[in-house]
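An overview of the molecular structure
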Amino acid sequence: MSVKKKFKGLSDKAVAWLFIGPSVFLLLAINIYPLIYAIRMSFTNFYANKIGREPEFVGLKNYIKVLNKEAIWEKMQVTANFMFWTLLLQAVIGLGLALLLNRKFKGNELLTTLIVLPMMLSPAVVGVFWTYLYNPQVGLFNYVINFFHDFGSFDMIGSSVLAPWSIVIVDTWMWTPFTMLICLAGLRSVPNYLYEAAEVDRASKWQQFIYITLPSVLPFLLLALLFRGIENFKMFDMVVELTSGGPGSATELASINLKREAFEKWKTGYSSAFAVILFVTIFGFGNVYVKVMNKIKER
Amino acid sequence: MDTSRSYLEPSSFSKKLAATIIIVYTVITLIPISWMVMTSFKNVNSAISYPPEVFFEPSLEGYVNLFTNRSRQSQEYLDSLPPPENWYEELVRSREMVITGPSKFLGRYSNSMIIGFGSTFASVFLGALAAYAFSRFRVPLKDDLLFFILSTRMFPPIAVAVPIFIMYRKLGLGDTHLGMIILYTVVNLSLAVWLLKGFMDEIPKEYEEAAMIDGYSRLQAFFKVVLPQAMTGIAATAIFCMIFSWNEYAFAVLLTQFNAQTAPPFIPTIIGEGGLDWPAIGAGTTLFLLPVMIFTIILRKHLLRGITFGAVRK
C-alpha cells in the first residue's frame, strides 16, 4: 500500500473526478436540464412560439387534459399495436434465423453480415425508399404481391387498414437481424456438454430444444425485445418519412403526435406533460431492462 | 472421441436445408436495398415504369439530378446555346433543361460528415476518460451513475427537443454545427461509456501498474499504456457513434434548417418535375448508405457488443 503513495502526479481520486466530470456535466446540461425544464413547463400554459408572453402556472391541468383526451389513448393504442406485432414477428423470425445460422454451415458468417445490413441504415432514409417500394402505381412491393396473387391495385400507405401493416413490415424487415444476432449469441453460449449429457440420457431432439436450448436463449431474446420495445415506443423517424402518421391518424404513434403538438401547434405546456408521461413509462421499462441485463451478465 | 462429437454436429442434410433457407432470406432482405441502388442508375422514365424494370439501360441521370439544380427551357433557347461542354450538360439538355447551379446535396452531405466526425471524436474521447475511471477506480455511487448515464439514452428525442430548442435559441446554437456536435456527443456518450468500460475491463490492470512503478504518472499510464491497448475497442466504439450521428433524424429535422442541416432530413425533399425524383433520391440514398455498409462490414466482429451497449459479448 505504501508503494501507491510514491506514484507521481495526481491522486487516483482526482483523476477519477477529472475523467468522469466532463461527461456528467454534459449529460446534466444537455439531457437533465432540458428534462427538468420540460417538467417545469408541463405545469404551465407556455407556448414556445409566443416570445415575451409570461407563462402562467396551471397546476396539473395539462396532465388531466392529456390523460382525459380520447385521441391520446388512440395514439397509445396505435403505438401498442405497432409494438405488439413488430416484437412478436421479430422474436419469432429472429429466433428462427438464429437457430438456422447456428447449424454452422459454410459461409454463415458472410450471410450473417449481409442479413444485418438493414438495421444499420438511417431509419428516415429507409422510410423514404420504402414509399417508393409501396407506391401503388409503380412499387416493387405491390408488383411482387400481385405476382403471387392478383389483388388488383392497393395502396399500403394510403389505406387506413393497410398503413399500420406497412410500418410493421418495414420495422420487421429492418430490425429482425437485431433479435437474430442476440439470440445467436445466446445459442452459442450453451455449453456442449449439456447436449452430450442429454444424448446419453436419450432425450429426443425436441426435448433437448424445449429443456436446454429454449431456456438458455430466453434471457437473450428478452433483452433483445426490451431494447426493441424501448426503441419502438419512441419510434419516430422511419414512420414520419414513410406515412407521416397517416392516413388520418392511422399510424400516428405517440412520438409523432408529440411532435405535432410541440412543434406544429407549439403547445409547449401541454406537450411537455405528454412527454413526461411518455418518459415515465419508458423509464419503467428501462428499469426492468437493466435488471434483465444484469441477470444475463451474472451467468 | 471422434464419434462422440459427431452426433452433436448437425447432419449434412439439415445443414444444407438451413443454408438454403438462410440464403433465400438473405436474398429477400437485400432486395429493397439493391432496388434503391438499381433505381439510382435508372433514368426518370424507367424508374416509374410498370411492371418494374429489372433490366434497364444504366444512366447517370439520377446522380446528375442529385448534384445539380436545373430549369426547363424552350427548344429555341437551347438551340441558341453553344454546344454542351461535358457529358452531364448534354444529358440535362437532352431533357430540354439547363443546369442552373449545384444543388444543396453536397453541403448537406458535408454537414453530416462534419457533425458526425466532430461528435464521434468528442464522445469517444470523453467516453474513454469516464470509462477508464469507472473501470479502475472506486467511484462513489458507481452503479447509479452508470445507470444514470444509460438512462439518458432512453429519452424520446422529441421530449427534450423543445427545451433544447429554446436553450439553443438563447445561446445562439440553433441550426449551427457546434450545437449539433454537442447534442450528438451527449446522446452518444452513454454508448461510448458503456462500450469502452467493457473494453477497458478486459485490459489487465497490471500493465499500467507496471508502468507506474517505472515512474509514469497515472495520466501518463492512461495515455501511453491503456489507450493504445484499447485501440480496437475505441475504433469499434467510434464507428458505432459515427453511425448513430450519421443516421440521426429527429433532432436534425427539428433543430436544423439551412445552415447545419444534415443529409437524412434533406434526402426526402429531393423533388423533380411532377413528384419525387426517384433516381435522384436513389442516388442520394446510395451515396448516404455506402459508408454505413462499409463500416458494418469492418465492425462485424463487434456488432453484437455495440448494439447491446456491451451487455452481450461473444
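Please read all numbers here as calculations on a predicted model, not as lab measurements.

Points about the overall build of chain B
Helix and strand content of chain B: 17 helices and four strands. Computed over the C-alpha atoms, the radius of gyration of chain B is 26 Å, more than 25% above the 20 Å expected from 2.2 N^0.38 for a compact globule of 314 residues. If one aligns the C-alpha atoms of chain B with their principal axes, the spans along those axes are about 85 × 70 × 40 Å. A burial count over chain B gives 43% of its 314 residues as buried. Sequence separation of at least 24 residues holds for 75% of the intrachain contacts in chain B that already meet a minimum separation of 6.

Topic: the overall build of chain A
Each helix and strand in chain A was counted, giving 13 helices and zero strands. Starting at the N terminus, the α and β elements of chain A follow one another as α-α-α-α-α-α-α-α-α-α-α-α-α. Expressed along its principal axes, the backbone C-alpha trace of chain A runs to roughly 85 × 75 × 35 Å. Burial statistics for chain A: of 299 residues in total, 43% are counted as buried. Taking all contacts inside chain A whose residues are at least 6 apart in sequence as the whole, residues at least 24 apart take part in 73%.

Comments concerning the interface of chain A and chain B
At the junction of the two partners, chain A supplies 82 residues and chain B supplies 83 residues. Looking at the side of chain A that touches chain B residue by residue, the classes come out as 60 nonpolar, 12 polar and 10 charged.

Observations regarding the domain arrangement of chain B
Along its sequence, chain B is carved into domain 1 (12–40), domain 2 (44–103) and domain 3 (106–307). Relative placement of domain 1 of chain B and domain 2 of chain B: their C-alpha centres are 34 Å apart.

As for unusual backbone geometry
Not every positive phi belongs to a glycine, and A:Arg202 is a case in point at roughly 60 degrees. Structurally, A:Arg202 can be placed in the loop between helix H9 (192–200) and helix H10 (205–233).

Comments concerning the packing of helix H4 (residues 70–101) of chain A against H10(A)
Residues and elements named next belong to chain A. Between H4 and H10, whose axes approach to 10 Å, the crossing angle comes to 145 degrees. The crossing of H4 and H10 is right-handed. Of the residues in H10, those in contact with Thr79, Phe82, Met83, Thr86, Leu87, Gln90, Ala91 and Leu95 of H4 are Val217, Leu221, Leu225, Arg228, Gly229, Asn232 and Phe233. Along the lines of polarity and charge, the residues of the contact of H4 with H10 split into nine nonpolar, five polar and one charged.

Here we look at the environment of B:Ser71
All names here are of chain B. Position of Ser71 among the secondary structure elements: in strand E1 (residues 68–72). Along the sequence, Ser71 and Thr39 sit 32 residues apart, while their C-alpha atoms lie 23 Å from each other. Not counting the four nearest positions on each side in its chain, Ser71 is found in contact with Met97, Val98 and Thr100.

What to know about the confidence of the model for chain B
All names here are of chain B. Averaged over chain B, the pLDDT score is 85; the fraction of residues at 70 or greater is 95%. Confidence scores differ between elements of chain B, with helix H1 (residues 2–6) showing the lowest mean pLDDT of 44 and helix H7 (residues 105–136) the highest of 92. Low pLDDT, under 50, characterises residues 1–6; the stretch is placed with zero contacts to residues that sit more than four places away or in other chains.

Some points on the pairing of E1(B)
Residue and element names in this part refer to chain B. Buried residues are scarce in E1, accounting for zero of its five residues. Both E1 and strand E2 (residues 97–102) contribute to a ladder of five bridges, which runs antiparallel. Of the residues in E2, the one forming a bridge with Ser71 is Val98.

Observations regarding the nonpolar core
Counting residues in each nonpolar core, the largest one holds 166 residues, and the members touching the most others are A:Leu181 and A:Ile182. Looking at this core element by element, the count peaks at 16 residues for helix H10 (residues 177–201) of chain B. Sequence-distant contacts of A:Leu181, defined by excluding residues within four places in its chain, comprise A:Val116, B:Leu303, B:Leu304 and B:Ile307.

Scoring rules and cut-offs
Residues numbered from 1 in each chain as written. Chains lettered and ligands numbered in written order. Predicted model: local features only at pLDDT ≥ 70, side-chain atom pairs only at ≥ 80, totals over all residues. Helix = DSSP H or I, 4+ residues; strand = E, 2+ residues; numbered from the N terminus. Rg over C-alpha atoms; globule rule 2.2 N^0.38 Å. Buried ≥ 20, exposed ≤ 12 C-beta atoms within 10 Å, placed from the backbone. Contact = placed C-beta atoms within 7 Å. Nonpolar A, V, L, I, M, F, W, Y, C, P; charged D, E, K, R; others polar. Domains from an automatic or database assignment. Axes fitted to C-alpha atoms, helices over the stretch in contact; angles between N-to-C directions. Left-handed = near helix turned anticlockwise from the far one by under 90°. pLDDT = per-residue confidence, 0-100. Pairing = 2+ DSSP bridges. Core = buried A, V, L, I, M, F, W, Y, C linked by C-beta atoms within 7 Å.

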